[in-house]
Amino acid sequence: MARRSNPEPKNQLLYTQQHLANERTYLAWIRTGISIVGVGFLATSLHFTMGVIRNQFVDIFTIALGIFACIFGLTIIFSATQNYKKKRLQIINETFYPSNMHITLISSMLAVMIIMVIIYFFMIM
């Protein structure tokens, strides 16, 4: 089946469940992005308000962790928006292509963030 370049929304009522599932998935990714940003702010603010022994390297690492979490959250939000739009067109065109790049990017960034948190805990001990 040839892919249409300019999709015309034909009887999309048949695909209502797919569109709604796509929207739910999108909103779940948005919540995840907001949560990741919150984790970054929490880690940074707890470090500077808990009275941990001050070390310039640990302070800079904590700030880097907070900035990375914000960038990670924004990446999730932008990636989810792009993926949502792509899936919407795929539903209209009656095609499906799995989103490998989206999942690989998010998983890799999450692994980096978890490693940074582990390093942080070893540094404050």
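Since this is a predicted model, take the numbers as computed values, not measurements.

Draft legend 1. Main features of the layout of surface pockets. Here the largest pocket is characterised by a volume of approximately 180 Å³. Put simply, the parts of the chain that give the lining of the largest pocket at least two residues each are α1 (16-49) and α3 (100-124). Per element, the largest residue contribution to the lining of the largest pocket is five residues, and it comes from α1. Looking at side-chain class alone, the lining of the largest pocket contains 10 nonpolar, one polar and no charged residues.

Draft legend 2. Just a nonpolar patch on the surface, in detail. A cluster of nonpolar side chains, contributed by L110, I114, I118, F121, F122, I124 and M125, occupies part of the molecular surface with about 740 Å² of accessible area. With respect to the helices and strands, L110 occurs in helix α3.

Draft legend 3. Seen up close, the nonpolar core. Grouped together as the largest cluster of nonpolar side chains are 13 residues, with contacts concentrated most on I36, F68, F72, I76, M113 and M116. The set of elements that each furnish at least two residues to this core consists of α2 (56-93) and α3. For this core, the element with the most residues is α2, which contributes seven residues. Contact partners of M116, with chain neighbours within four places excluded, come to F61, A64, L65 and F68.

Draft legend 4. Fine view of the UniProt feature "transmembrane region" (unreviewed entry) in the protein. What UniProt calls "transmembrane region" (unreviewed entry) maps, in this numbering, to residues 26-48, 60-80 and 101-123. With 100% helix and 0% strand, the stretch residues 60-80 has end C-alpha atoms that lie 30 Å from each other. In residues 101-123, the share of helix is 100% and the share of strand is 0%. The end C-alpha atoms are 33 Å apart.

Draft legend 5. Structural detail: α1. A rise of 1.5 Å per residue sets the reference length of α1, with its 34 residues, at 50 Å; its end C-alpha atoms lie 49 Å apart and thus fit the reference within 8%. Among all positions of α1, only H19, N22, I30, G33, I36, V37, G40, T44 and H47 are buried. Buried residues in α1 make contact with α2 and α3.

Thresholds applied
- Residues numbered from 1 in each chain as written.
- Predicted model: local features only at pLDDT ≥ 70, side-chain atom pairs only at ≥ 80, totals over all residues.
- Heavy atoms only, no water.
- 1 Å grid on protein atoms, 1.4 Å probe; cavity = no way out; pocket = protein on both sides within 12 Å on 5 of 7 lines; lining within 4 Å.
- Points joined across faces, edges and corners; volume = space filled by probe spheres on them.
- Helix = DSSP H or I, 4+ residues; strand = E, 2+ residues; numbered from the N terminus.
- Nonpolar A, V, L, I, M, F, W, Y, C, P; charged D, E, K, R; others polar.
- Patch = residues over 30% accessible without salt bridge, like charges linked within 9 Å, V, L, I, M, F, W, Y side chains within 5 Å.
- Areas by Shrake-Rupley, 256 points an atom, 1.4 Å probe, with all protein chains shown as cover.
- Salt bridge = Lys/Arg side-chain N within 4 Å of Asp/Glu carboxyl O.
- Core = buried A, V, L, I, M, F, W, Y, C linked by side-chain atoms within 4.5 Å.
- Buried < 20%, exposed > 50% of the residue type's maximum accessible area, 1.4 Å probe, protein only.
- Contact = heavy atoms within 4.5 Å.
- UniProt positions renumbered as here; feature names shortened; annotations may be inferred.
- Expected span 1.5 Å × (residues − 1).

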